[in-house]
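A structural walkthrough
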Amino acid sequence: MAAQVLEFLVPVEPAPVARPRLVLVPPVTEPTYRLTRRGRVVVAFFVALLVAALGLALAGQLASASGQPESVTVEAGQTLSEIALRELPELPIAAGVVELQLANNLSTSYVHAGQTLVIPEL
């Protein structure tokens, strides 16, 4: 007897697609820096150098701008308006009065004889 081979075509289905899996990723950490004793000394030196340079620059500016301010002594019968007109001719009288008041910490426009007023630089 002859053997018969039976062939069957079995449909092949594609393999099931695996579901994506979540993978835990370690958090990104910034590298930590540690200063040695020598590093701290170097940083302190540069900070002190910067502070000294700024201090010298500021002292130089103050020394150049610290000329004696001009001042006047109020005579009998003078008003603040007259002093503003004479000492600050480039300003209108009202603005000159205000500048004199601000420079001398005056709350009013009244002055008395013998009072010394500082003339502001404009």
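Residues numbered from 1 in each chain as written. Predicted model: local features only at pLDDT ≥ 70, side-chain atom pairs only at ≥ 80, totals over all residues. Heavy atoms only, no water.

A separate point is the packing of aromatic side chains. Two measures describe an aromatic ring pair: the distance that separates the ring centres and the angle between the ring planes. For the coordinates displayed, the defined rule picks out one aromatic pair. Centroid distance Phe45 to Phe46: 5.6 Å. Interplanar angle 65 degrees. Geometry classified as edge-to-face. A single burial state applies to Phe45 and to Phe46, both of which are exposed. (Phe/Tyr/Trp six-rings, centres within 6.5 Å; stacked < 30°, edge-to-face > 60°. Buried < 20%, exposed > 50% of the residue type's maximum accessible area, 1.4 Å probe, protein only.)

Counted by the stated rule, this structure contains one salt bridge. We note a salt bridge from Arg86 to Glu87, for which the minimum N-O separation is 3.1 Å. (Salt bridge = Lys/Arg side-chain N within 4 Å of Asp/Glu carboxyl O.)

The next subject is a nonpolar patch on the surface. A surface patch of nonpolar side chains, amounting to about 350 Å² of accessible area, comprises Leu35, Val43, Val47 and Val51. Turning to its location among the elements, Val51 is positioned in helix α1 (residues 37–65). Relative accessible area serves as the criterion here: at 54%, Val51 is assigned to the exposed category. (Patch = residues over 30% accessible without salt bridge, like charges linked within 9 Å, V, L, I, M, F, W, Y side chains within 5 Å. Areas by Shrake-Rupley, 256 points an atom, 1.4 Å probe, with all protein chains shown as cover. Helix = DSSP H or I, 4+ residues; strand = E, 2+ residues; numbered from the N terminus.)

With that settled, consider the packing of helix α2 (residues 80–87) against helix α3 (residues 93–104). Two numbers describe how α2 lies on α3: the axes approach to 8 Å, and their chain directions differ by 100 degrees. Considered as vectors, α2 and α3 are oriented roughly perpendicular to each other. Together, Leu80, Ser81, Ile83, Ala84 and Leu85 of α2 and Ile93, Gly96, Val97, Leu100 and Gln101 of α3 make up the contact between the two elements. Per-class residue counts for the contact of α2 with α3 are seven nonpolar, three polar and no charged. (Axes fitted to C-alpha atoms, helices over the stretch in contact; angles between N-to-C directions. Parallel < 35°, antiparallel > 145°, perpendicular 65-115°, else oblique. Contact = heavy atoms within 4.5 Å. Nonpolar A, V, L, I, M, F, W, Y, C, P; charged D, E, K, R; others polar.)

Attention now goes to the nonpolar core. In terms of nonpolar packing, the biggest core is built from 12 residues, these being Val72, Val74, Leu80, Ile83, Ala84, Leu88, Val97, Leu100, Leu106, Val111, Leu117 and Ile119. The set of elements that each furnish at least two residues to this core consists of α2 and α3. When residues of this core are assigned to their parent elements, the largest contribution, three residues, is made by α2. The residues touching Val72, leaving out its near neighbours within four places in the chain, are Ile83, Arg86, Glu87, Gln115, Thr116, Leu117 and Ile119. (Core = buried A, V, L, I, M, F, W, Y, C linked by side-chain atoms within 4.5 Å.)

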